[in-house]
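Chain by chain, the residues:
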Amino acid sequence: MTEPEITDTPQENVPNEKEPIIVQKAPSKIGQAIQKSAQKWSPAFRVLILICICLMASFCRIFSVLRYESIIHEFDPWFNYRTTRYLVQEGPYSLWNWFDHESWYPLGRSVGPTLYPGLMGTAGVMYWALKALGFPVDIRNVCVFTGPIFAAFTAIVTYLMTKEITRKSESGLFAALFVAVIPSYISRSVAGSYDNEAVAIFALVWSFYTFLKAVNTVIRTFVVMLLIVII
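Residues numbered from 1 in each chain as written. Predicted model: local features only at pLDDT ≥ 70, side-chain atom pairs only at ≥ 80, totals over all residues. Heavy atoms only, no water.

The next thing to look at is the overall build of the chain. On a plain count of helices and strands, the chain comes out with ten helices and two strands. For the chain, the N- to C-terminal ordering of α and β elements is α-α-α-α-β-β-α-α-α-α-α-α. Among the 231 residues that make up the chain, the fraction classed as buried is 31%. Partitioning the intrachain contacts of the chain with sequence separation of at least 6 by distance along the chain shows that 67% fall at a separation of at least 24. (Helix = DSSP H or I, 4+ residues; strand = E, 2+ residues; numbered from the N terminus. Buried < 20%, exposed > 50% of the residue type's maximum accessible area, 1.4 Å probe, protein only. Contact = heavy atoms within 4.5 Å.)

On to the packing of helix α3 (residues 76–90) against helix α5 (residues 118–132). Contact pair α3 / α5: the axes reach a minimum separation of 9 Å and the direction vectors enclose 50°. By the angle between their directions, the pair α3 and α5 is classed as oblique. By crossing handedness, the relation of α3 to α5 is classed as right-handed. Taken together, the residues of α5 that come into contact with α3 (itself represented by Asn80, Thr83, Thr84, Leu87 and Val88) are Leu119, Met120, Gly121, Ala123, Gly124, Tyr127 and Trp128. Tallied by class, the residues present in the contact of α3 with α5 amount to seven nonpolar, five polar and no charged. (Axes fitted to C-alpha atoms, helices over the stretch in contact; angles between N-to-C directions. Parallel < 35°, antiparallel > 145°, perpendicular 65-115°, else oblique. Left-handed = near helix turned anticlockwise from the far one by under 90°. Nonpolar A, V, L, I, M, F, W, Y, C, P; charged D, E, K, R; others polar.)

Let us look at the pattern of salt bridges. Where charged atoms from two side chains of opposite charge come close, those side chains can pair. Going through the model one piece at a time under the given rule, you end up with six salt bridges. Between aspartate 100 and arginine 82 there is a salt bridge, with the nearest N and O atoms lying 2.9 Å from each other. Here the residue aspartate 100 occupies a position in strand β1 (residues 99–100), and arginine 82 occupies one in helix α3, the gap between them amounting to 18 residues. A relative accessible area of 12% means that arginine 82 is categorised as buried. (Salt bridge = Lys/Arg side-chain N within 4 Å of Asp/Glu carboxyl O.)

Glancing now at the packing of aromatic side chains. Ring pairs (aromatic) are described by centroid distance and by the angle formed between their planes. Summed over the entire model, instances satisfying the criterion amount to seven aromatic pairs. Geometrically, the ring pair formed by tryptophan 78 and tyrosine 81 is tilted, given 5.3 Å between the ring centres and 50° between the ring planes. Residue tryptophan 78 and its partner tyrosine 81 are both found in helix α3; the two are separated by three residues, about one turn of the helix. Overall, tryptophan 78 belongs to the partly exposed group, its relative accessible area being 42%. Judged by centre distance (6.1 Å) and plane angle (55°), the ring pair of phenylalanine 153 and phenylalanine 202 falls under tilted. One end of the pair, phenylalanine 153, is in helix α7 (residues 146–166); the other, phenylalanine 202, is in helix α10 (residues 197–230), and 49 residues separate them in sequence. Under the relative-accessibility criterion, phenylalanine 153 is labelled partly exposed at 37%. The rings of Phe150, Phe153 and Phe202 are connected pair by pair, giving a single aromatic cluster. The positively charged end of arginine 61 is found above the aromatic ring belonging to tyrosine 185, 4.9 Å away from the centroid. (Phe/Tyr/Trp six-rings, centres within 6.5 Å; stacked < 30°, edge-to-face > 60°. Lys NZ or Arg CZ within 6 Å of the ring centre and 35° of its normal.)

Spelled out as structure tokens, the structure:
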């Protein structure tokens, strides 16, 4: 008689130890109430957090004004301030034909053809709007606070752009927080640094957001029309 072969292969489906049984408990009534309340108030919380981020973006840029005084820093911001002051005093047509003898000395500068007027036009519109509403503001203060104001606007459009990309409000809030406190942007939009980047970065992010919004809207519209045609 032949002896049976002995194999080392363990038998399948034979548990060696007892596996723990995990029992999922249903959430309590208090937990369900808290969850429903959080879902109900989450839009208000997002708006509140975004407002706090905008305030932080503005306040961290006006520290020099609070500690010292409202002044224009550096050379290019001072020229931009002089140009804006000339714009609100003389008008856009005079600005286009203005020859500044104090710039590019001793040759002088024909300001109209050699100028990017977006920054001056934005500050001029803000000044005229405040004057129309009855606020006794000076054009210098408008120029000083243009950077901090548009830093808050940049945080808002960064939130919108990130939310449009990721479809998550939390990612938008984190992106808004990062752009509000990033040092490289603070240095270009601090109070008194009246330069093109103070408005240009906001316009750049706004252009990206509107482009993405338009593309996504067109795609959704095309898909809906295609489904209608198929049906």
